[in-house]
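Structural features, examined
As a plain string of letters, each chain reads:
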Amino acid sequence: MRLRNVRGANEIIEKSKYVINNYFDYKGNFSSLFDNGNPIHIEVGMGKGDFIIGMALSNPNINFIGIEKFDSVLVRAVQKLEDMDIPNLRLIRMDALNIDSVFSKEVSCLYLNFSDPWPKERHSKRRLTSDVFLAKYDLIFKDMCLVVMKTDNRKLFEYSIMSFNNYGYTIDDISLDLYHDDLTGNVQTEYEKKFVANGDIIYRISVHK
Ligand SMILES: C[S@@+](CC[C@H](N)C(=O)[O-])C[C@H]1O[C@@H](n2cnc3c(N)ncnc32)[C@H](O)[C@@H]1O
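For the structure given in this document, a descriptive report is provided here.

1. Concerning the overall build of the protein chain
- Of the regular secondary structure elements, the protein chain holds eight helices and seven strands.
- The C-alpha radius of gyration of the protein chain comes to 16 Å, within 12% of the 17 Å expected for a compact globule of 209 residues.
- For the protein chain, the residues scored as buried account for 45% of the 209 residues in total.
- For the protein chain, contacts bridging at least 24 residues in sequence account for 77% of all contacts bridging at least 6.
- Per element, the accessible surface of the protein chain, about 10,700 Å² overall, is 48% carbon and sulfur.
- In the protein chain, the 27 positive side-chain charges and the 29 negative ones have mean positions that sit 6 Å from each other.

What follows is the structure, given as structure tokens:
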């Protein structure tokens, strides 16, 4: 992701009604933010927000929280939301490395869309499907652990399948070419739009344990 500084990003983010700034206060109690007991789904590395906004609009009975590490990216999602009213959506600026310090036994589904592949072996633990992250995800799921991943990166996809398998996950659904399979309910991300326009193959997997 190319990062350009956005003037005033920090202030725009802090003032947005969608952004949870005091997120540590809600650990184990994020439902109270939404005033209902609907399931909570999280997108890790939500980028500029197209996926999580689209998902929240088409699934009003699910609460969505998008997590993004960088101000300069998150602010783009916040700007898209300026004139929208989506009660089942919140955003958090944070590093997913801290995900288990922020959430506790309250998440029903995690989405990992076009996550950074970290191609060098010495960086493999930084991949969002490494055992480092899978161990953290274990602590935030309510009952069943459910992860849905899309990527254009074949090596990351293969690595993730192995990693899920080694961690006790079962594959529910897998596509080796999403755009030639069943696209029902697919909501595109910003990266996905670019890759599809480029004719790249999109891989998708959903797993549970
Ligand atoms: C390649 S982009 C994909 C963005 C978006 N999911 C999409 O498909 O268009 C990866 C995004 O994940 C974010 N990211 C990477 N590592 C992260 C982490 N540890 N915690 C939170 N966000 C992270 C990056 O800042 C970037 O916005």
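We are not done yet, so read on.
2. Brief notes about the pattern of salt bridges
- Here the structure, examined in full by the defined rule, presents 13 salt bridges.
- For K15, the salt bridge goes to E11, with nearest N and O atoms at 2.9 Å. Of this pair, K15 and E11 both sit in helix 1 (residues 9-15), four residues apart, which is roughly one turn of the helix.
- Look at K15 and you get exposed, because its relative accessible area is 64%.
- What makes E11 partly exposed here is its relative accessible area of 47%.
- The closest approach of N and O atoms between K136 and D100, which form a salt bridge, is 3.6 Å. Here K136 is found in helix 6 (residues 131-140), whereas its partner D100 is found in helix 5 (residues 99-102), with 36 residues between them in sequence.
- Assessed through its relative accessible area of 18%, K136 is described here as buried.

3. Side note on the sheet that holds strand 1 (residues 40-44)
- The mixed open sheet is built from seven strands, whose spatial order is 3-2-1-4-5-7-6. Sheet topology places strand 3 (89-93) and strand 6 (170-175) at the edges, where each strand pairs with a single neighbour. Going across the sheet, the axis of each strand differs from the next one's by a mean of 15°, ignoring polarity.
- Pairing geometry for strand 4 (residues 109-113) and strand 5 (residues 146-151), over four bridges, is parallel. Of the residues in strand 5, the one forming a bridge with L110 is V147.

4. Thoughts on the state of the cysteines
- Applying the stated criterion across every chain yields a total of zero disulfides.
- Between C109, a cysteine without a disulfide, and C145, which holds the nearest cysteine sulfur, the sulfur-to-sulfur distance is 11 Å.

5. Considerations on the side chain of N113
- When you line up the elements, N113 lands in strand 4.
- A distance of 2.9 Å separates a polar atom in the side chain of N113 from a polar atom in the side chain of E43.
- Not counting chain neighbours up to four residues away, the residues in contact with N113 comprise E43, G45, F51, K150 and T189.

6. Focus: the site of the ligand
- Close to the ligand lie 18 residues, the nearest being G45, E68, D95, A96 and T189.
- Residue A96 places a main-chain N or O atom 2.8 Å away from a nitrogen atom belonging to the ligand.
- In the environment of the ligand, an oxygen atom lies 3.4 Å from a nitrogen or oxygen atom belonging to the backbone of E190.
- Contact with the protein chains covers 95% of the free accessible surface of the ligand, which is 600 Å².
- Taken together, the residues that form the shell around the ligand break down as eight nonpolar, four polar and six charged.

7. A look at the pairing of strand 5
- The element strand 5 is largely enclosed, with a buried count of five among its six residues.
- Note on the crossover from strand 4 through helix 6 to strand 5: the handedness is right-handed.

8. Describing the side chain of S163
- Summarising the element assignment, S163 is placed in helix 7 (residues 154-166).
- Overall, the relative accessible area of 9% leaves S163 in the buried class.
- For S163, the contacting residues outside a window of four places in its chain are T129, S130, D131 and L134.

The rules we used
Residues numbered from 1 in each chain as written. Predicted model: local features only at pLDDT ≥ 70, side-chain atom pairs only at ≥ 80, totals over all residues. Heavy atoms only, no water. Helix = DSSP H or I, 4+ residues; strand = E, 2+ residues; numbered from the N terminus. Rg over C-alpha atoms; globule rule 2.2 N^0.38 Å. Buried < 20%, exposed > 50% of the residue type's maximum accessible area, 1.4 Å probe, protein only. Contact = heavy atoms within 4.5 Å. Areas by Shrake-Rupley, 256 points an atom, 1.4 Å probe, with all protein chains shown as cover. Lys, Arg positive; Asp, Glu negative; His and termini not counted. Charge placed at Lys NZ, Arg CZ, Asp CG, Glu CD. Salt bridge = Lys/Arg side-chain N within 4 Å of Asp/Glu carboxyl O. Pairing = 2+ DSSP bridges. Axes fitted to C-alpha atoms, helices over the stretch in contact; angles between N-to-C directions. Disulfide = S-S within 2.5 Å. Polar contact = N/O pair within 3.5 Å; in protein donor to acceptor, adjacent residues only side chain to side chain. Near = heavy atom within 4 Å. Nonpolar A, V, L, I, M, F, W, Y, C, P; charged D, E, K, R; others polar. Right-handed = clockwise from strand over helix to strand, strands pointing away.

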